[in-house]
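Residue strings, one per chain:
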Amino acid sequence: MTEIDRRPRIVIIGAGFGGLAAAKALKNAPVDVEIIDKRNYHLFQPLLYQVATADLSPADIAWPIRSIFSKQKNVTVTLSKVLDIDTERQVVLHENGESTYDHLIIANGSSHSYFGKDHWAANAPGLKRIVDATEVRRRVLMAFERAELCEDPEDQARELTFVIVGAGPTGVELAGSIAELAHVTLSEDFRRIDPDDARIILMEGGPRILSAFPEVLSAKAEESLRKLGVEVRTGVMVEQIEDDHVVAGGETIPASTAIWAAGVKIENLKQWLGCETDRIGRVPVQPDLRVPGLPSVSVIGDAAKVAWKDGMDVPGVAPAAKQEGKYVGRRIAAEARGEKAPAPFRYRHMGSLATIGRNSAIISFGKINLSGFVAWLFWGLIHIYFLIGVKRPIFVAMSWFSNYVFRSKGSRLITGMEALRAVRAHVPKRR
Ligand SMILES: Cc1cc2nc3c(=O)[nH]c(=O)nc-3n(C[C@H](O)[C@H](O)[C@H](O)COP(=O)(O)OP(=O)(O)OC[C@H]3O[C@@H](n4cnc5c(N)ncnc54)[C@H](O)[C@@H]3O)c2cc1C
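About the cut-offs
- Residues numbered from 1 in each chain as written.
- Predicted model: local features only at pLDDT ≥ 70, side-chain atom pairs only at ≥ 80, totals over all residues.
- Heavy atoms only, no water.
- Axes fitted to C-alpha atoms, helices over the stretch in contact; angles between N-to-C directions.
- Helix = DSSP H or I, 4+ residues; strand = E, 2+ residues; numbered from the N terminus.
- Left-handed = near helix turned anticlockwise from the far one by under 90°.
- Contact = heavy atoms within 4.5 Å.
- Nonpolar A, V, L, I, M, F, W, Y, C, P; charged D, E, K, R; others polar.
- Domains from an automatic or database assignment.
- Buried area = accessible area lost by both parts, 1.4 Å probe.
- Salt bridge = Lys/Arg side-chain N within 4 Å of Asp/Glu carboxyl O.
- Polar contact = N/O pair within 3.5 Å; in protein donor to acceptor, adjacent residues only side chain to side chain.
- Core = buried A, V, L, I, M, F, W, Y, C linked by side-chain atoms within 4.5 Å.
- Buried < 20%, exposed > 50% of the residue type's maximum accessible area, 1.4 Å probe, protein only.
- Patch = residues over 30% accessible without salt bridge, like charges linked within 9 Å, V, L, I, M, F, W, Y side chains within 5 Å.
- Areas by Shrake-Rupley, 256 points an atom, 1.4 Å probe, with all protein chains shown as cover.
- Pairing = 2+ DSSP bridges.
- Near = heavy atom within 4 Å.

Chemist: Tell me about the packing of helix α9 (residues 318-336) against helix α10 (residues 373-387), residues and numbers included.
Modeler: Contact geometry for α9 and α10: axes closest at 10 Å, N-to-C directions at 35 degrees. Considering only the axes of α9 and α10, their crossing is left-handed. Judged by residue contacts, Ala318, Pro319 and Lys322 of α9 engage His383, Phe386 and Leu387 from α10. Per-class residue counts for the contact of α9 with α10 are four nonpolar, one polar and one charged.

Structure, rendered in structure tokens:
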């Protein structure tokens, strides 16, 4: 085969929502696609909090990338961590070698930011990966176990206090789920403690929770959280997070479990591409999602700063990543077929949603604001269903639904003998 005959090589970094959609849009295109991901599975992040609060198991929300593309013969999957990009030579450098590209699609997503206080990570894990979710779940379940073994009421109260920092959708979902875990799911499982005594404190630096939603919905969400027994504190900045207390707004709150849900950042792109990035590391892209000055490189999903309307950017949500991935895939497919390039990318907003506990949610969709059970049904049935990017979505959705409704016990296991040792090691000694 001569260089002229060679099919264009498309390299996609990341098999999240954006990367999957791009690869699928290239299904029938005369191109060869290589997906590079540092993990071997696609993770459905919107349901991570349910793994963290023991409603679902990790395998319920992750699928091997290879199996997703087993029938799409123009896709090769490389399990490797990308280390750098040589944009001159058009080569991606990764842990297991180099991959040459004609077009590069970067969809590496975001990670959590501790606003320069990275040492807080040890005492307040964030929620981005499966290991984060299982670690949060372990900490939450272990706190109840330790409380059961405590004799001193103060120690018990500290073990049963959970602080969630950041009241965006993830923080709100976590707070609501932990409250339901304590007040409903575990309510009859302990003998020396009453899980109902658990305090769940949601801290927010801004003036209200869910600041991206209209004020009326924020207020409704706050009311629902309070009904679930969550203490909501707004306008409070966290100053210190230790393994047995949190200091916020000058007050010391004894708490053995803290969870971080406050900020995101995009890693590496400035260094990899040598281009400008914004405050959180996103790459501002052109209307066709290419990087200015690098026509063979597109950035999509959480990693891209895409202008939307009224001076706002496209939000960092799964539907946006999917739409951008599909657009770039189609644009490259058109180019490979010698067809006219599609019109510039236009984001279609599918609404903003957040769940509060097991059967309440808020939805903002244009002029429509919904809250309560109807909104929850909408979230469960429509939002989540249409985000599923794997085969047989109906079975996936049904399995989630039954695990959720019947509160799968398997997801509440704390596995390994180390769990028991850890409980013993952490129980405060009798005074
Ligand atoms: C807890 C949580 C809840 C959320 N809830 C919702 C919700 O309810 N609704 C909603 O619309 N959105 C939600 N989101 C946001 C949504 O998940 C993201 O907007 C979406 O995942 C972004 O897609 P992406 O393709 O840009 O990145 P991701 O889906 O994050 O995928 C990035 C991929 O890149 C890979 N990668 C990263 N770095 C490298 C590297 N160096 N080398 C190789 N591979 C790499 C990762 O392994 C990953 O597979 C939530 C996010 C979180 C964390």
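That shown, we press on.
Chemist: Give me the lowdown on the domain arrangement of the protein chain, citing residues and values where you can.
Modeler: The domain architecture assigned to the protein chain consists of domain 1 (9-38 + 80-110 + 266-337) and domain 2 (118-263 + 359-426). A C-alpha centroid distance of 32 Å is found between domain 1 and domain 2. The interface of domain 1 with domain 2 comprises eight residues on the first partner and seven residues on the second. Both sides of the domain 1 and domain 2 interface together cover about 470 Å² of buried area, and 52% of this is carbon and sulfur. In this assembly, domain 1 and domain 2 are joined by zero salt bridges. Summed over the shared surface of domain 1 and domain 2, the result is one residue pair in polar contact (both at pLDDT 80 or more). The set of elements that each furnish at least two residues to the side of domain 1 that touches domain 2 consists of α1 (17-25) and α9. Taken together, the residues that form the side of domain 1 that touches domain 2 break down as four nonpolar, one polar and three charged.

Chemist: Tell me about the nonpolar core, and please be specific about residues and values.
Modeler: Residues Phe44, Phe144, Leu273, Val299 and Trp400 are the most contacted members of the largest nonpolar core, which totals 118 residues. If you tally residues by element for this core, the top one is helix α4 (residues 130-149), at eight residues. Dropping the residues within four chain positions of it, Phe144 is found in contact with Leu160, Phe162, Leu181, Ala182, Leu186, Phe190, Ile193, Pro195 and Ala198. The next biggest cluster of nonpolar side chains, apart from the first, holds 16 residues, and it includes Ala124, Met203, Ala248 and Ala255.

Chemist: So what's going on with a nonpolar patch on the surface? Residues and values would help.
Modeler: Where nonpolar side chains cluster on the molecular surface, the patch consists of Phe373, Leu377, Phe378, Leu381, Ile382 and Phe386 and spans about 570 Å² of accessible area. Its location among the elements puts Ile382 in helix α10.

Chemist: Describe the sheet that holds strand β7 (residues 91-94), and please don't skip the residues or the numbers.
Modeler: Spatially, three strands are ordered β6-β7-β8 in an open sheet, and the strand pairing comes out antiparallel. What marks the edges here is a single partner per strand, and that holds for β6 (82-86) and β8 (97-100). The mean inter-strand angle of the sheet, taken between neighbouring strand axes irrespective of direction, is 20 degrees. Bridge count between β6 and β7: four bridges; the pairing is antiparallel. Within β7, the residue paired with Ile85 across the bridge is Val92.

Chemist: Could you give an account of the site of the ligand, naming the residues involved and the relevant values?
Modeler: Close contacts around the ligand come from 29 residues, with Gly18, Asp37, Val82, Asp302 and Ala318 the closest. At 3.2 Å, a backbone N or O of Phe17 approaches an oxygen atom of the ligand. A distance of 3.3 Å separates an oxygen atom of the ligand from a polar side-chain atom of Arg39. Taking 1,000 Å² as the accessible area of the ligand by itself, protein coverage stands at 93%. Mapped by element, the contributors of at least two residues to the shell around the ligand are α1, β2 (32-37) and α9. Split by residue class, the shell around the ligand holds 12 nonpolar, 11 polar and six charged. Looking at which domains feed residues into the shell around the ligand, each of domain 1 (9-38 + 80-110 + 266-337) and domain 2 (118-263 + 359-426) gives three or more.

Chemist: I'd like a rundown of the pattern of salt bridges, residues and numbers included.
Modeler: Two side chains with opposite charge may pair up if their charged atoms get near one another. On inspection of all chains with the given rule, the structure shows 20 salt bridges. For Asp86, the salt bridge identified is with Arg89, shortest N-O distance 3.0 Å. Among the residues examined, Asp86 registers a relative accessible area of 22% and is labelled partly exposed. For Arg89, a relative accessible area of 46% puts it in the partly exposed group. Salt bridges linked by common partners bring Arg146, Asp155, Arg158 and Glu159 together as one network.

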